[in-house]
Amino acid sequence: MTPQNSPAPLEPRGPVDSSRIPRYAGPATFARLPRLDEVGTTDIAVVGVPFDTGVSYRPGARFGGNAIREASRLLRPYNPAQDASPFALAQVADAGDIAANPFNIDEAVETIEAAADDLLGTGARMMTLGGDHTIALPLLRSVAKKHGPVALLHFDAHLDTWDTYFGAEYTHGTPFRRAVEEGILDTEALSHVGTRGPLYGKQDLTDDEKMGFGIVTSADVMRRGVDEIADQLRQRVGDRPLYISIDIDVLDPAHAPGTGTPEAGGLTSRELLEIIRGLSSCNLVSADLVEVAPAYDHAEITSVAASHAAYELTTIMSRQIAASRV
Ligand SMILES: N=C(N)NCCCC(=O)O
Ligand SMILES: [Zn+2]
Ligand SMILES: [Zn+2]
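All of the points below concern the structure found in this document. All figures in this text were calculated on a predicted structure; none of them were measured in a lab. (Residues numbered from 1 in each chain as written. Chains lettered and ligands numbered in written order. Predicted model: local features only at pLDDT ≥ 70, side-chain atom pairs only at ≥ 80, totals over all residues. Heavy atoms only, no water.)

A separate point is the pattern of salt bridges. If you walk through the whole model with that rule in mind, you get 20 salt bridges. We note a salt bridge from Glu-182 to Arg-141, for which the minimum N-O separation is 2.8 Å. You can see Glu-182 sitting in the loop between α6 (175-181) and β5 (185-195) and its partner Arg-141 sitting in helix α5 (residues 136-147), a full 41 residues away along the chain. Of the charged contacts in the structure, one is a salt bridge between Arg-277 and Glu-274, with a shortest N-O distance of 2.8 Å. You can see Arg-277 and its partner Glu-274 sitting in helix α10 (residues 269-277), three residues apart, about one turn around the helix. Its relative accessible area of 33% is what places Glu-274 among the partly exposed residues. (Salt bridge = Lys/Arg side-chain N within 4 Å of Asp/Glu carboxyl O. Helix = DSSP H or I, 4+ residues; strand = E, 2+ residues; numbered from the N terminus. Buried < 20%, exposed > 50% of the residue type's maximum accessible area, 1.4 Å probe, protein only.)

What follows covers the packing of aromatic side chains. Applying the stated criterion to the full structure yields two aromatic pairs. Both rings, one in Trp-162 and one in Tyr-200, keep their centres 5.4 Å apart while their planes meet at 90°; by these two values the pair is edge-to-face. Placement of Trp-162 in the loop between β4 (150-155) and α6 and of Tyr-200 in the loop between β5 and α7 (203-210) is noted, with a sequence separation of 38 residues between them. The residue whose ring lies beneath Arg-58 is Tyr-296, and the NZ or CZ to ring-centre distance is 4.6 Å. (Phe/Tyr/Trp six-rings, centres within 6.5 Å; stacked < 30°, edge-to-face > 60°. Lys NZ or Arg CZ within 6 Å of the ring centre and 35° of its normal.)

On to the site of ligand 1, then. Close to ligand 1 lie Ser-56, His-133, His-158, Asp-160, Trp-162, Tyr-165, His-172, Tyr-200, Asp-247, Asp-249, Thr-261 and Glu-291, which account for all nearby residues. Interatomic distance of 3.4 Å between a side-chain N/O atom of His-158 and a nitrogen atom of ligand 1. Asp-249 is positioned with one of its side-chain polar atoms (N or O) 2.9 Å from a nitrogen atom of ligand 1. In isolation ligand 1 exposes 310 Å². Once the protein is present, 92% of that is buried. Across the shell around ligand 1, the residue classes tally to three nonpolar, five polar and four charged. (Near = heavy atom within 4 Å. Polar contact = N/O pair within 3.5 Å; in protein donor to acceptor, adjacent residues only side chain to side chain. Areas by Shrake-Rupley, 256 points an atom, 1.4 Å probe, with all protein chains shown as cover. Nonpolar A, V, L, I, M, F, W, Y, C, P; charged D, E, K, R; others polar.)

In terms of residue burial, β5 counts as a mostly covered element, since nine of its 11 residues are buried. Running through α6, the crossover from β4 to the neighbouring parallel element β5 is right-handed. Sheet topology note: the β5/strand β6 (residues 213-217) ladder contains five bridges and is parallel. Looking across to β6, one finds that His-192 is bridged to Ile-215. Where the polypeptide runs from β5 across α7 and back to β6, its parallel neighbour, the crossover connection is right-handed. (Right-handed = clockwise from strand over helix to strand, strands pointing away. Pairing = 2+ DSSP bridges.)

So, about the layout of surface pockets. Regions of empty space are outlined by a rolling probe, equal in size to a water molecule, passed over the atoms. Taken as a whole, the largest pocket holds about 240 Å³ of empty space. Lining the largest pocket we find 15 residues, and of these Ser-56, His-158, Tyr-200, Thr-261 and Glu-263 sit closest to its centre. Grouping the amino acids of the lining of the largest pocket by side-chain chemistry returns five nonpolar, five polar and five charged. (1 Å grid on protein atoms, 1.4 Å probe; cavity = no way out; pocket = protein on both sides within 12 Å on 5 of 7 lines; lining within 4 Å. Points joined across faces, edges and corners; volume = space filled by probe spheres on them.)

For an α-helix, the turn length of 3.6 residues means that residues three or four places apart are oriented alike. Most of helix α2 (residues 64-71) sits out of view: six of its eight residues are buried. The set of residues buried in α2 consists of Gly-64, Gly-65, Ala-67, Ile-68, Arg-69 and Ala-71. Elements in contact with the buried residues of α2: β1 (44-49), β2 (92-97), β3 (125-130), β8 (283-290) and α11 (301-325). (Contact = heavy atoms within 4.5 Å.)

So this is what it looks like as C-alpha cells:
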C-alpha cells in the first residue's frame, strides 16, 4: 500500500487518502497515519502498550491498542469540533508497540518507562493506547522527568489510588497512589472525572482526598453539564503541564462494554468527547487511553469511542504544537 499524500518537504505526512485507497484496506496504523519509521521523527507519537498483567478482573486489554487502531480507520482528517486538521498542523505518527514482559510486572514497568523516555527524548508528545491502567505509572514517571510534577486529569469509573492487590504494588488499581508517593504529580492540580460505583470502604475516599485529588463524579457530569465541568477542570489545571489519562470504563457499559471492570451509571461517549474538547486550551503534554478489552466488545462500540477520544486528545496536542511555532 502506498500512501497517496505526497507532501512538500517539512510538511507533515498525513494519513492514507481514503478517497483513493479504501479505508478498510491495508494495515491499521492509528488513523491510517504513517509509521514512525516512515517519517523519521514526529511531533506526536501514537504508541501501543499491549500489557494487561496488572488487572484485577477480566483480562484482555493487551489487545486494546490494536482494536483502537482498527476502529480508527474511519477517522477523517478535519476535526470540526476543534476547527483543526490535527495531522496537517503537526506530524503525527504511529510508533508501534512497546514490548513489555507479560510475566513480570516490575520489568514491564521499567521497559515502558525506558521506551517513553526514548520517545519523549526526541521532543515528541505521546498518545499512548493501552493496555491496562498499570501503564500510566511508568508513563507519568517519564513525563515528570521532562516537565517536573504534572497536573493530572484522570477519567475513570475508578479511583485507581488503592494501595496493593495481593501484595502487588504495580497494578491497574494503584498507579496514581504510586505516582503521588513518588512526587511526580502536582498535587495542586489533580482530579478524577467520572468516578462512580462501589468502593472497599469510605476510607478509600479519605485517602484519595489526602493525596490531593478532587472528584467530579459521573452524577456531577449529569447534573452540572459538560461545559461547567470543563470550566472547573480548566481552572484547576491552569497553565501547568497537563497529563490526561482516560480509562475507557469512565463510559457507561452501554457506551463501552469492551472493558475489564465495567461499572453502571457512566458517562456517555458524547459527554466524554465534549469535556475533552472543553480542555483544548490546556497545556496537554501527553495522554493515555487504557482498558479497552475487545473480547467483551460488540460492533466496535468501545474501540470506536476510544479512537474518537484519542483523536480529540491528539487534536489538542497538534493545535498547541502549531500555535507554539508561530
Ligand atoms: N483501572 C481499572 N480499570 N480498574 C481498577 C479496578 C480495581 C479494583 O478492581 O478494585
Ligand atoms: Zn477504571
Ligand atoms: Zn483505571
